[in-house]
Amino acid sequence: MTSRTLDEDAEHLLRELTPQVLGAVVRRFGDFAAAEDAVQDALVAAAIQWPREGMPNNPRGWLIQVALRRMTDQVRADSARRRRENASAEQADLVVPSADAEYVTERDDTLILLFMCCHASLTNASAIALTLRAIGGLTTAEIARAFLVPESTMAQRISRAKQTIKASGIPFSMPTADERDERLRAVLHVLYLIFNEGYTTSSGPDLQRSDLTREAIRLTRAVHRLLPNDAEVTGLLALMLLTDARRTARTGPDGELIPLTTQNRTLWDRRLIDEGITLVTASFAKGAVGPYQLQAAIAALHDEAPRAEDTDWPQILALYGLWMRMSDNPMVRLNHAVAAAMVHGPAEGLALLQPLDTDSRLAGHHRLAAVRAHLLELAGDRDGAIAHYRTAAERTTSIPERNYLLTQAARLRESGERSQA
Amino acid sequence: MKYMLMMNAPRGDGNWGVANWAPEDLKAMVGFMRRLDQTLREDGELVSAEGLAAPGQAKQVRAAADGTPITDGVFPETKEFLAGYWIIDVESPDRAYAIAAKASTCPGPGGKPLNMPIEVREVMSGPPVDAP
């Protein structure tokens with residue numbers, strides 16, 4: 001190998017191996033925080049040595065060995081009490097499990113690590129950062145870049161997160177049966193936030209940062225491989241694929257936002273749509289239906305329509321109705337009102353918005369104003385629509401969305417002036 | 001979500017008259033600011049923080065017809081000047097307000113808190129839509 005940097009395959013392999021290696025080291029030493037640092041060191045060592053010296057025959061074993069050596073060094077540098085543990089650590093150093101001998105343990109390890117990184121004691125921002133590093137194998141610098149914060153800040157955030165985990169005494173084991181659903185929901189929520197962060201972009205002027213999107217899909221695929229029979233895991237993966245399929249159609253040449261109705265649908269990624277539809281269909285056969293499955297099913301109905309006017313709105317309305325019976329989420333009510341407007345006309349949709357004005361979770365939210373503007377426009381109330389587009393533009397904290405809303409208001413104003421002239 | 005915390009100083013020298021503060025008061029103020037930045041950095045919340053030079057050195061710049069800069073030394077009549085700012089990345093608006101309140105207590109003459117106003121503005125970095 002002559003190139004000085006890792007090729008894409010090797011980088012992919014490193015990331016795939018990260019949780020397995022980390023799991024092996026944590027099992028040996030029990031210290032998650034220190035093990036995570038040691039594994040990062042091993043990943044960095046691989047990125048430097050592999051391009052120069054060639055890929056080792058057993059990359060996983062190589063990484064575990066390097067990480068264990070780092071741990072041993074660390075232990076040696078620590079207190080006298082810790083020094084006694086050296087002997088066993090050094091012995092462990094020599095025995096590296098074979099790649100396939102411990103598949104079950106490996107599978108459990110990745111899940112246990114995910115449950116730890118997404119534990120409820122962490123803030124969302126901390127859980128996201130730790131998951132990307134410990135499970136995703138991203139470097140602190142890469143994560144910092146993705147979230148547009150300095151590397152030192154991200155390093156501190158990760159280190160604090162690990163301290164929190166240590167302090168809360170979460171054991172390195174599978175959650176108990178009665179905690180499991182809730183803990184899995186927390187994991188899926190973190191993966192969803194990573195995807196969303198990449199997709200809606202949250203920071204800066206670019207509408208999407210596809211690296212985070214790709215990373216979220218990769219991690220969710222991994223969870224899906226580990227838990228193929230979980231309907232919501234399947235639903236979340238389907239939702240991501242069905243949403244990501246529209247990525248290139250979602251923005252114009254200047255990064256401006258293009259709404260679903262006017263997107264060039266020939267740009268949608270058919271392969272992702274087909275995979276997403278297959279997954280979501282399979283998930284509905286698994287029994288109980290959850291919110292990710294419902295969102296995926298709604299996304300599938302949009303993706304299946306050759307033209308915007310072919311969208312199966314009655315079916316979408318029914319799915320939102322089902323979702324509303326399951327949860328009291330005001331965002332769901334808002335989207336339900338849009339679907340109702342598309343099926344029964346804007347007046348019906350506007351009437352459904354009324355109670356949301358007094359819902360403290362949504363009142364004053366830009367999405368409520370944006371939806372009302374859209375429905376008023378459909379109802380032919382141009383002045384009302386302009387006013388609400390402007391309100392929404394003032395309230396949003398997303399630059400592309402603000403520009404879109406202002407453009408909507410300007411377009412209506414101009415068409416009004418033309419019709420008066 | 002990211003916020004910009006702006007520390008506005010009253011017009012005059014734009015600096016709360018720090019030139020006339022006692023040395024120990026200056027020391028307390030500098031120490032307070034340093035510790036605040038340090039804490040924010042350690043908490044993984046600091047994106048950036050800068051103090052700005054006194055407004056006496058400030059210039060108004062606009063482009064001439066040919067695009068060359070025209071500088072104007074006369075500063076506009078405003079009541080306050082931006083003395084410094086922090087950009088923080090926090091979990092909630094309440095956390096941003098708590099940090100702003102902390103900054104507001106910067107000690108002034110005699111160690112008495114300045115309780116200066118801190119303007120809190122959200123950076124256009126749209127929080128991701130919440131999960132269902």
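Okay, so let's go over this structure.

Quick notes on the rules
- Residues numbered from 1 in each chain as written.
- Chains lettered and ligands numbered in written order.
- Predicted model: local features only at pLDDT ≥ 70, side-chain atom pairs only at ≥ 80, totals over all residues.
- Heavy atoms only, no water.
- Helix = DSSP H or I, 4+ residues; strand = E, 2+ residues; numbered from the N terminus.
- Contact = heavy atoms within 4.5 Å.
- Areas by Shrake-Rupley, 256 points an atom, 1.4 Å probe, with all protein chains shown as cover.
- Lys, Arg positive; Asp, Glu negative; His and termini not counted.
- Charge placed at Lys NZ, Arg CZ, Asp CG, Glu CD.
- Expected span 1.5 Å × (residues − 1).
- Buried < 20%, exposed > 50% of the residue type's maximum accessible area, 1.4 Å probe, protein only.
- Polar contact = N/O pair within 3.5 Å; in protein donor to acceptor, adjacent residues only side chain to side chain.
- 1 Å grid on protein atoms, 1.4 Å probe; cavity = no way out; pocket = protein on both sides within 12 Å on 5 of 7 lines; lining within 4 Å.
- Points joined across faces, edges and corners; volume = space filled by probe spheres on them.
- Nonpolar A, V, L, I, M, F, W, Y, C, P; charged D, E, K, R; others polar.
- Salt bridge = Lys/Arg side-chain N within 4 Å of Asp/Glu carboxyl O.

**Quick word on the overall build of chain A**
Within chain A, the secondary structure is distributed over 20 helices and 0 strands. In terms of its C-alpha atoms, chain A occupies a principal-axis envelope of roughly 85 × 45 × 40 Å. Counting contacts in chain A only where the partners sit at least 6 residues apart, residues at least 24 apart contribute 63% of the total. Carbon and sulfur atoms make up 51% of the accessible area of chain A, which amounts to about 19500 Å² in all. One finds the centroid of the 48 positive side-chain charges in chain A at a distance of 3 Å from the centroid of its 54 negative side-chain charges.

**Overview of helix 16 (residues 330–344) of chain A**
Residue and element names in this part refer to chain A. With 15 residues, helix 16 should reach 21 Å at 1.5 Å per residue; the first-to-last C-alpha distance of 20 Å fits that figure. Among all positions in helix 16, only Pro330, Val332, Leu334, His336, Ala337, Val338, Ala339, Ala340 and Ala341 are buried. For helix 16, the elements touching its buried residues are helix 15 (313–326), helix 17 (346–353) and helix 18 (366–378). Between a side-chain oxygen at the N-terminus of helix 16 and the backbone nitrogen of Met331 the separation is 2.8 Å; the capping residue is Asn329. After helix 16 finishes, the residue Gly345 shows a positive phi value of roughly 100 degrees.

**Let's talk about the layout of surface pockets**
Residue and element names in this part refer to chain A. Its boundaries defined by the atoms lining it, the second largest pocket holds a volume of some 570 Å³. Around the second largest pocket, the lining is made up of 15 residues, and of these Glu11, Arg15, Asp211, Arg214 and Glu215 lie nearest the centre. Mapped by element, the contributors of at least two residues to the lining of the second largest pocket are helix 1 (8–29), helix 8 (140–146) and helix 11 (210–226). When its residues are assigned to classes, the lining of the second largest pocket shows 3 nonpolar, 1 polar and 11 charged.

**Description of the pattern of salt bridges**
All names here are of chain A. Counted under the stated rule, the structure contains 32 salt bridges over all chains. For the salt bridge of Glu179 with Arg183, the shortest nitrogen-to-oxygen distance reads 3.5 Å. Residue Glu179 and its partner Arg183 are located together in helix 10 (residues 177–201), separated by 4 residues, close to a single helical turn. Judged by its relative accessible area of 35%, Glu179 falls in the partly exposed class. Residue classification places Arg183 among the buried positions, given a relative accessible area of 14%. A salt bridge links Asp181 to Arg180; the shortest N-O distance between them is 3.9 Å. Taking the relative accessible area as the measure of exposure, Asp181 reaches 53% and is therefore exposed. The exposure class assigned to Arg180 is partly exposed, which follows from its relative accessible area of 28%.

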